[in-house]
Amino acid sequence: GPAAGEGCSASGGCASCPYMKMNSLTALLHVCGLVGTSGAEAELTTFEPEKYSDLDERGRTIAERGVIPITHMRYFQQNGALSDNLVKDITSRNPL
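Values in this document were obtained by computation on a predicted structure and should not be read as measured data.

What counts and what doesn't
- Residues numbered from 1 in each chain as written.
- Predicted model: local features only at pLDDT ≥ 70, side-chain atom pairs only at ≥ 80, totals over all residues.
- Heavy atoms only, no water.
- Patch = residues over 30% accessible without salt bridge, like charges linked within 9 Å, V, L, I, M, F, W, Y side chains within 5 Å.
- Areas by Shrake-Rupley, 256 points an atom, 1.4 Å probe, with all protein chains shown as cover.
- Salt bridge = Lys/Arg side-chain N within 4 Å of Asp/Glu carboxyl O.
- Helix = DSSP H or I, 4+ residues; strand = E, 2+ residues; numbered from the N terminus.
- Buried < 20%, exposed > 50% of the residue type's maximum accessible area, 1.4 Å probe, protein only.
- Contact = heavy atoms within 4.5 Å.
- 1 Å grid on protein atoms, 1.4 Å probe; cavity = no way out; pocket = protein on both sides within 12 Å on 5 of 7 lines; lining within 4 Å.
- Points joined across faces, edges and corners; volume = space filled by probe spheres on them.
- Nonpolar A, V, L, I, M, F, W, Y, C, P; charged D, E, K, R; others polar.
- pLDDT = per-residue confidence, 0-100.

Asks: Would you explain a nonpolar patch on the surface in this entry?
Replies: A cluster of nonpolar residues, Leu25, Leu28 and Leu29, forms a patch on the protein surface that exposes about 330 Å² of accessible area. If you trace the backbone, Leu25 turns up in helix α2 (residues 25–34). Leu25 sits in the exposed class, given a relative accessible area of 59%.

Asks: What's the story with the side chain of His72 in this structure? I'm lost.
Replies: Residue placement: His72 occurs in helix α4 (residues 62–79). Not counting residues up to four positions away in its chain, the partners in contact with His72 are Ser83, Asn85 and Leu86.

Asks: Even after reading the chapter, I still don't get the layout of surface pockets, so can you show me in this structure?
Replies: If you roll a probe as big as a water molecule over the atoms, it shows you where there is empty space left. As a volume, the largest pocket reaches approximately 300 Å³. In this structure, the largest pocket is lined by 13 residues; those nearest its centre are Arg58, Ile68, His72, Asn85 and Asp89. Elements supplying a minimum of two residues to the lining of the largest pocket: α4 and α5 (84–91). Residues of the lining of the largest pocket, tallied by class, amount to 2 nonpolar, 5 polar and 6 charged.

Asks: For this particular structure, what's the right way to read the confidence of the model for the protein chain?
Replies: Low pLDDT marks regions whose predicted coordinates should not be analysed in detail. Mean pLDDT for the protein chain: 80, with 76% of residues reaching 70 or above. Confidence, expressed as mean pLDDT per element, reaches its minimum in the protein chain at helix α1 (residues 18–21) with 64 and its maximum at α5 with 92.

See below:
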């Protein structure tokens, strides 16, 4: 759990995430049951994530930006310290 450095917050990580709570085992089994069945493609298409084409000022997609904090969290979990990349990012930013 979060006490061991896991998750996005100290309030319980993934198990307490409101986005995860919107899911249910029944819904998951329904979607899994559709995979590989005839005629299910149209219904499965509704579960595809929205595709964003906007790029930031560095030319990165939203997916490329979204993986940055996850990578920093994983590094911290594995090493028990902040990565040099994160420290450099924080210390090189302009104050508000």
